[in-house]
Amino acid sequence: NAGVTQTPKFQVLKTGQSMTLQCAQDMNHNSMYWYRQDPGMGLRLIYYSASEGTTDKGEVPNGYNVSRLNKREFSLRLESAAPSQTSVYFCASCITGGTEAFFGQGTRLTVV
Amino acid sequence: GESVGLHLPTLSVQEGDNSIINCAYSNSASDYFIWYKQESGKGPQFIIDIRSNMDKRQGQRVTVLLNKTVKHLSLQIAATQPGDSAVYFCAENRGSNYKLTFGKGTLLTVNP
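Residues numbered from 1 in each chain as written. Chains lettered and ligands numbered in written order. Predicted model: local features only at pLDDT ≥ 70, side-chain atom pairs only at ≥ 80, totals over all residues. Heavy atoms only, no water.

Residues and elements named next belong to chain A. Pairing in this open sheet of four strands is antiparallel, and the strands run E1-E3-E8-E7 from one edge to the other. In the strand order of this sheet, the two ends are held by strand E1 (4-7) and strand E7 (64-68), each with one partner. Within the sheet, the average angular offset between the axes of one strand and its neighbour, ignoring direction, is 15 degrees. Of the strand pairs in this sheet, E1 and strand E3 (residues 19-25) are connected by four bridges, and their pairing is antiparallel. For Gln6, the partnering residue across the bridge sits in E3 and is Cys23. (Pairing = 2+ DSSP bridges. Helix = DSSP H or I, 4+ residues; strand = E, 2+ residues; numbered from the N terminus. Axes fitted to C-alpha atoms, helices over the stretch in contact; angles between N-to-C directions.)

Attention now goes to the pairing of strand E7 (residues 72-77) of chain B. Along any regular strand the residues' side chains alternate between the sheet's two faces. Residues and elements named next belong to chain B. Where strand E2 (residues 19-24) and E7 come together, six bridges link them in antiparallel fashion. Its bridge partner being in E7, Cys23 is matched across the sheet by Leu73. One ladder, built from six bridges, connects strand E6 (residues 62-67) with E7; its direction is antiparallel. Paired with Asn67 across the strands is His72, a residue of E7. The antiparallel pairing of E6 with E7 creates a hairpin that spans four residues between the two strands, and Lys71 there sits at a positive phi of about 55 degrees.

The final tally for this structure, using the stated rule, is 12 aromatic pairs over all chains. Ring plane angle 80 degrees and centroid distance 5.9 Å describe the contact between Phe103 of chain A and Phe102 of chain B, whose orientation is recorded as edge-to-face. Pair noted here: Phe103 of chain A is in strand E10 (residues 102-103) and Phe102 of chain B is in strand E9 (residues 99-102), and the two residues belong to different chains. Each member of the pair, Phe103 of chain A together with Phe102 of chain B, is buried. (Phe/Tyr/Trp six-rings, centres within 6.5 Å; stacked < 30°, edge-to-face > 60°. Buried < 20%, exposed > 50% of the residue type's maximum accessible area, 1.4 Å probe, protein only.)

Now the structure itself:
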């Protein structure tokens, strides 16, 4: 039982490059989330998915797209990376309406 | 380039003392308020939650208090230990859309 698995753990991109951050959970959770964490800013919600087939914008969705591929997987895509997207990205999952979200180990992304 | 410093609120306590971490919230429509702990280099971990119609809930060495009149949430940690050193976040679960949002966090340092 791995919980929430994120790949990659580290990534360096050049401005304008694209990439997809992968997230998978094996807890049969309906709800999944993508957050970014910047120093002094806490965790900010980018997108979330209440269930398979649905996605909604969070606080900071600009510059990102998501895909809820199936119940297990929720990916985050940066189409044209910008230095302002340098951050640590966390994926999380939760039961429907639950409060105990389980987080992955994070992806540290640097855009140069 | 200029680096961005960490500007989290901080709390420093002696080992064995009690700690109180505070959080103000703005949305009265939240169904649950939750506390998470984040150790360095890891994703946040659930500690305890409280439903919005309650004013106190106790767990193992932790107590959460909710004051809806002044929109204030606190986490009390009894007999604080070095392993409690971490960043603590309050979060809200906003009901029907299952949106889980976080506050900015407080850095707790426990001195031996």
